Amino acid sequence: MDAVRNPYTPGAGSRPPVLSGRDAQLDAFRILLERLRLGRPEKSLLMTGLRGVGKTVLLGTLDGIAEEAGFRTASAEITHETDFSTLMARLTRRALLSLSPAGRLQARARRAAAVLKAFTLRLPDGVEIGIDVEAAVGRGDSGNLADDLADVLVELGNAAADHHSGVVFLFDEIQFLGRREFEALISSLHQCTQRNLPVTLVGAGLPQLPALAGAAKSYAERMFDFPVIDRLDETAASGALELPAAAEGAGFEPEATRRVIEFTDGYPYFLQEYGKHVWNIAAGPVIAVADVAQAEPIVRLQLDDNFFRVRVARTTAAELAYLSAMADLGDGPYRSGDIAVRLGRSGPEGVAPTRSRLIDKGLIFSPSYGLNEFTVPAFADFLRRNYPHPRRATR
Ligand SMILES: Nc1ncnc2c1ncn2[C@@H]1O[C@H](COP(=O)(O)OP(=O)(O)O)[C@@H](O)[C@H]1O
Ligand SMILES: [Mg+2]
């Protein structure tokens, strides 16, 4: 069919034509916003899920919902290189200015700007806040990140409440925040919640997140909801595939849809990739089982190149050997001890640094103590096909 009209959107963070199967998350977020507006404490959200399930896209949608509801949003993608204090200063500045223009800051907003200025003066490469206020003394300037950030966010919350608004921070790849930064963020939000201030966080990241937050602060569990963003169930997956086609006057044979869902296991990224290629191959307007069969090798190739291989490209030889050993064990989760044995070690200690680096790079995570799992769905299968573990003579 006409490639120009192709509605599918494979790609990291690419907004899909239909955001399928996420109504529960959208509804929960709308309730969160309304409660914040009423000054009722509500938990922040930390959404976790594997790569390609649609976390980034969902964050973007929530951002739009918040703005429409009159909130100020502050979005960022966290990386290992992120200087968190500087980021928070920049985002706070922007939120503040969007609440009330620099020249016309009202009392609360001026106060917030003064604390923000004090905060920025402590930063190594000082952020120009461009607001003509004296830096506050004794607030936001202690040099302790947790205390200072709390001062900044509380004042921001006061200013937002004063303007009958609120502020939503949306952080993607939040697992890359350092422990100290994460702690500071959590305790600052806690300060806001205790004062019923309309400041909240929506974070998205890989599944090791709840454990991280739990370790960071014991009250994290009470402060956050941890919705799991998962692959789509059959109804939602059908919708993701069929509704965009229907909007273009095309359709799928039921058996064709079923085959695609079976191949993709309902993972949003895989569905988009399949939709794209089967659309281009099919004569249409109804996509048939034969089209799906014909597209399969192309889809597999594209997934290998676009989704899987890019992850492998960032690994060292030792890390790749570790991944191949995992995959060689079958499907996960995998015990650290079993992986070590497969690598010819007597115990997991020797390969523990490799494991940590893989966790650091966001390629594997630990679902519970001593266990490991890939962060990329169907990665084991990819590795077995492309990077097989060198079979050991003893086996
Ligand atoms: N709810 C959904 N329905 C249909 N497609 C989706 C949905 N969520 C995400 N996608 C598609 O899945 C792919 C991955 O989305 P992305 O947000 O980048 O995932 P993640 O951030 O979890 O890795 C994109 O191609 C996007 O268009
Ligand atoms: Mg993402």
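Below: a short report on this structure. What you are looking at is a predicted structure, and each value in this text was computed from that prediction instead of being measured.

Parameters at a glance
- Residues numbered from 1 in each chain as written.
- Chains lettered and ligands numbered in written order.
- Predicted model: local features only at pLDDT ≥ 70, side-chain atom pairs only at ≥ 80, totals over all residues.
- Heavy atoms only, no water.
- Helix = DSSP H or I, 4+ residues; strand = E, 2+ residues; numbered from the N terminus.
- Pairing = 2+ DSSP bridges.
- Contact = heavy atoms within 4.5 Å.
- Axes fitted to C-alpha atoms, helices over the stretch in contact; angles between N-to-C directions.
- Near = heavy atom within 4 Å.
- Polar contact = N/O pair within 3.5 Å; in protein donor to acceptor, adjacent residues only side chain to side chain.
- Areas by Shrake-Rupley, 256 points an atom, 1.4 Å probe, with all protein chains shown as cover.
- Nonpolar A, V, L, I, M, F, W, Y, C, P; charged D, E, K, R; others polar.
- Domains from an automatic or database assignment.
- Core = buried A, V, L, I, M, F, W, Y, C linked by side-chain atoms within 4.5 Å.
- Buried < 20%, exposed > 50% of the residue type's maximum accessible area, 1.4 Å probe, protein only.

**Quick word on unusual backbone geometry**
Stage number 1. Between Gly284 and the following residue, Pro285, the backbone shows a cis peptide bond with an omega angle of 0 degrees.
Stage number 2. With respect to the helices and strands, the residue Pro285 is situated in the loop between helix 11 (268-281) and strand 7 (286-287).
Stage number 3. The omega torsion across Gly332 and Pro333 is 0 degrees, close enough to zero to call that bond cis.
Stage number 4. Here His164, not a glycine, exhibits a phi torsion of approximately 55 degrees, which is positive.
Stage number 5. For His164, the location among the structural elements is in the loop between helix 5 (145-162) and strand 3 (167-172).
Stage number 6. If you check the backbone angles, Asp265 has positive phi at about 60 degrees while not being a glycine.
Stage number 7. Structurally, Asp265 can be placed in the loop between helix 10 (254-264) and helix 11.

**Observations concerning the sheet that holds strand 4 (residues 199-205)**
Stage number 1. Reading across the sheet, the five strands line up as 2-3-4-1-5 and stay open at both edges, with parallel pairing between neighbours. The open sheet terminates on both sides in strands that have one partner only, identified here as strand 2 (72-77) and strand 5 (224-225).
Stage number 2. Two elements, strand 2 and strand 3, share six bridges in a ladder whose sense is parallel. By the bridge assignment, Ala76 is partnered in strand 3 with Phe171.
Stage number 3. Where helix 2 (residues 55-68) meets the sheet, it contacts strand 1 (44-48), strand 2, strand 3 and strand 4, and its direction lies at approximately 170 degrees from that of strand 3.

**Here we look at the site of ligand 1**
Stage number 1. With respect to spatial proximity, 23 residues lie near ligand 1, and among them Thr9, Gly13, Ser14, Gly52 and Lys55 are the closest.
Stage number 2. Between ligand 1 and the protein, one listed contact pairs an oxygen atom with a backbone N or O atom of Gly13 at 2.6 Å.
Stage number 3. The backbone of Val53 places a nitrogen or oxygen atom 3.3 Å from an oxygen atom of ligand 1.
Stage number 4. About the coverage of ligand 1: the protein hides 96% of its 570 Å² of free accessible area.
Stage number 5. Those elements that place two or more of their residues in the shell around ligand 1 are helix 2 and helix 11.
Stage number 6. Among the residues making up the shell around ligand 1, the classes are represented as 11 nonpolar, nine polar and three charged.
Stage number 7. Looking at which domains feed residues into the shell around ligand 1, each of domain 1 (23-225) and domain 2 (232-312) supplies at least three.

**So, the environment of Met326**
Stage number 1. Examined against the element boundaries, Met326 turns out to sit in helix 13 (residues 317-328).
Stage number 2. Residues Met326 and Ala380, spaced 54 residues apart in sequence, show a C-alpha to C-alpha distance of 7.5 Å.
Stage number 3. Not counting residues within four places of it along the chain, the set of residues in contact with Met326 comprises Tyr334, Ile339, Ile364, Asn372, Glu373 and Phe374.

**Some details on the nonpolar core**
The nonpolar side chains of a soluble globular protein tend to be buried, and buried together.
Stage number 1. Of all hydrophobic cores here, the largest spans 68 residues; its most connected members are Phe29, Val202, Leu323, Phe374, Phe379 and Leu383.
Stage number 2. Counting residues per element, this core draws most heavily on helix 12 (residues 289-312), which supplies seven residues.
Stage number 3. Excluding anything up to four places from it in sequence, Leu323 contacts Thr315, Leu358, Ile364, Phe374, Phe379 and Leu383.
Stage number 4. Core analysis: the second largest hydrophobic core is formed by 54 residues, Leu116, Phe119, Leu201 and Phe224 among them.

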